[in-house]
Amino acid sequence: MKSIVYRRHGEPSEVLTYEEIAAPAQPGANEVIVRVTKRMVHPIDGLAVRGIVPSPIPPTGAIPGGDGVGVVEQVGAAVGIAKGTRVMFFPVQGTWAERVTVPANLLIPLPDDVSDATACQIIINGITAIVLTRAALAADNHSGVTSPLLVTAAGSSVGRNVIALAQMRGHKVVALVRSDASATILSQSLAGIPVISTEHEGWPAAVAAACGPAPSVVIDPVGGDMTPKFLEVLADGGTLLTYGGLDARPSTISTIALTVRQHTLKGLNAYSWLATTTPEQRAAYIADLFEITRRSPHNFAEFREFPMTAAVEALSAAQATPRRGATILTSEV
Ligand SMILES: NC(=O)c1ccc[n+]([C@@H]2O[C@H](COP(=O)([O-])OP(=O)(O)OC[C@H]3O[C@@H](n4cnc5c(N)ncnc54)[C@H](OP(=O)(O)O)[C@@H]3O)[C@@H](O)[C@H]2O)c1
């Protein structure tokens, strides 16, 4: 089967190859083989290829991709899912290949009205949004203050999913983006939500005016130089939920300010999801994700698709600014 492979870290154009590799072995009793149709290109994919996040390379080479969408092709003896079922799956390493072995407990069957292109935008990014909104609402209730959630990098796929989930649960949101150009794009699809750009110095005053009471929760994947600024606008006793490092530089924060203002700084990731939820909770949350695809179709409508042969171009397109929807890698050539 065909796959994207890298054998050393570096610039994608220098290290990625599209080549023939061995197909997966017969599935174990609790596994299936999925023919992958689409997978979204995530910021972490480029970081892993470049070696900026830890990503060991096995002797046979590494295959990018940690989630995907496809069709069940072979089924292990103990698995109760039919061949031909459309599914999404996470976390599964090596999905930039035509086929992948998936433990059956990681499969999420797809309803007919959720397309493959939409599903690949709600798998890791939707689960991350669930983890974040659960933590945000828990922190907000704990503080006893009901103020809007401040969502940064709000035009990102995760950010849009967070906003859609929060809206569905009746929570107010203020959206923050890094440029006026991004604000213009996001405002077109977020009716009734204030979208504020941090491009100009006065943005904290605009946040204060839009929020009313200072936000008791900020949800942020930017980090770097922005962390102390986000802490500044956070209410006393509030929580900054961090889930990424779009600005990879370390943040400098004052522990004195943290102490005096009783702020909580908490890191979260989607990988905690399996360990922190029951199967029943997961089913309910996944139902919510499918529901946001129906209530907020504009979130998922704009995307660009690239064949696997153009993986380098796809990684480059996924970094383009301002952000205009998802970048998707398809298995068709
Ligand atoms: N913790 C987890 O488990 C987990 C899971 C999934 C994703 N993530 C993280 O979540 C973040 C978003 O991922 P995604 O797939 O949703 O992203 P995405 O759809 O590719 O969008 C990236 C967005 O980030 C914005 N951005 C990029 N660099 C920025 C910076 N320095 N300052 C402010 N905004 C910046 C871009 O804004 P413009 O439109 O202005 O270019 C764009 O809207 C990434 O850091 C990713 O690694 C974490």
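Residues numbered from 1 in each chain as written. Predicted model: local features only at pLDDT ≥ 70, side-chain atom pairs only at ≥ 80, totals over all residues. Heavy atoms only, no water.

Student: What is the right way to look at the pattern of salt bridges in this model?
Tutor: As a working rule, side chains carrying opposite charge can pair if their charged atoms are close by. Following the criterion strictly, the structure yields 15 salt bridges and no others. Residue R294 is joined to D113 by a salt bridge in which the shortest nitrogen-to-oxygen separation is 2.6 Å. Residue R294 is located in helix α11 (residues 279–295), and its partner D113 is located in the loop between β7 (107–109) and α3 (116–122); the two are separated by 181 residues in the primary sequence. Through salt bridges with shared partners, a single ionic network connects D113, E291, R294 and R295. (Salt bridge = Lys/Arg side-chain N within 4 Å of Asp/Glu carboxyl O. Helix = DSSP H or I, 4+ residues; strand = E, 2+ residues; numbered from the N terminus.)

Student: Got a minute to help me understand the domain arrangement of the protein chain in this structure?
Tutor: It is common to report an interface's size as the accessible area lost on association of the parts. Partitioning the protein chain into structural domains gives domain 1 (2–110 + 302–330) and domain 2 (125–271). The gap between the C-alpha centroids of domain 1 and domain 2 is 30 Å. Each partner contributes to the interface: domain 1 provides eight residues, whereas domain 2 provides 10 residues. Buried surface at the junction of domain 1 and domain 2, summed over both partners, amounts to about 900 Å²; 66% is from carbon and sulfur atoms. Area buried by domain 1 at its contact with domain 2 is led by F90, P322 and R323, which between them contribute 47% of it. The tally of links from domain 1 across to domain 2 stands at zero salt bridges. Counting every contact that joins domain 1 to domain 2 gives one residue pair in polar contact (both at pLDDT 80 or more). The residue makeup of the side of domain 1 that touches domain 2, split by class, is four nonpolar, two polar and two charged. (Domains from an automatic or database assignment. Contact = heavy atoms within 4.5 Å. Buried area = accessible area lost by both parts, 1.4 Å probe. Polar contact = N/O pair within 3.5 Å; in protein donor to acceptor, adjacent residues only side chain to side chain. Nonpolar A, V, L, I, M, F, W, Y, C, P; charged D, E, K, R; others polar.)

Student: Is there a simple way to think about the site of the ligand in this case?
Tutor: With respect to spatial proximity, 21 residues lie near the ligand, and among them V158, S182, A270, T321 and R323 are the closest. V158 is positioned such that a nitrogen or oxygen atom in its backbone is 2.8 Å from an oxygen atom of the ligand. Here an oxygen atom of the ligand sits 2.6 Å away from a polar atom, N or O, in the main chain of R323. Taking 930 Å² as the accessible area of the ligand by itself, protein coverage stands at 87%. Looking at the shell around the ligand, the elements with two or more residues in it are α4 (124–143) and α5 (157–168). Here the shell around the ligand gets three residues from one element, more than from any other, and that element is α4. For the shell around the ligand, the domains that each give at least three residues are domain 1 (2–110 + 302–330) and domain 2 (125–271). (Near = heavy atom within 4 Å. Areas by Shrake-Rupley, 256 points an atom, 1.4 Å probe, with all protein chains shown as cover.)

Student: Explain the sheet that holds strand β12 (residues 239–242) to me, please; I cannot follow it from the model alone.
Tutor: Consider a sheet: its strands pair through backbone hydrogen bonds, and that pairing is either parallel or antiparallel. Read across the open sheet, the six strands follow the order β10-β9-β8-β11-β12-β13; overall the sheet is parallel. Looking at which strands have only one partner, the edges of the open sheet turn out to be β10 (195–197) and β13 (264–267). With strand direction ignored, the average angle separating the axes of adjacent strands in the sheet is 20°. Each of β8 (149–151), β9 (173–177), β11 (217–220) and β12 touches helix α8 (residues 226–233); the most contacted strand, β12, lies at about 145° to it. (Pairing = 2+ DSSP bridges. Axes fitted to C-alpha atoms, helices over the stretch in contact; angles between N-to-C directions.)

Student: Before we go on, may I ask you to explain the side chain of D45 in this structure?
Tutor: As for its placement among the helices and strands, D45 is situated in helix α2 (residues 43–50). There is no salt bridge for the buried D45, and the closest opposite charge comes from R39, which lies 8.7 Å off by N-O distance. A distance of 2.7 Å separates the side chain of D45 from the backbone nitrogen of H42, its partner in a polar contact. Apart from residues no more than four positions distant in its own chain, D45 is found in contact with M40, G65, G66, W96 and L315. (Buried < 20%, exposed > 50% of the residue type's maximum accessible area, 1.4 Å probe, protein only. Lys, Arg positive; Asp, Glu negative; His and termini not counted.)

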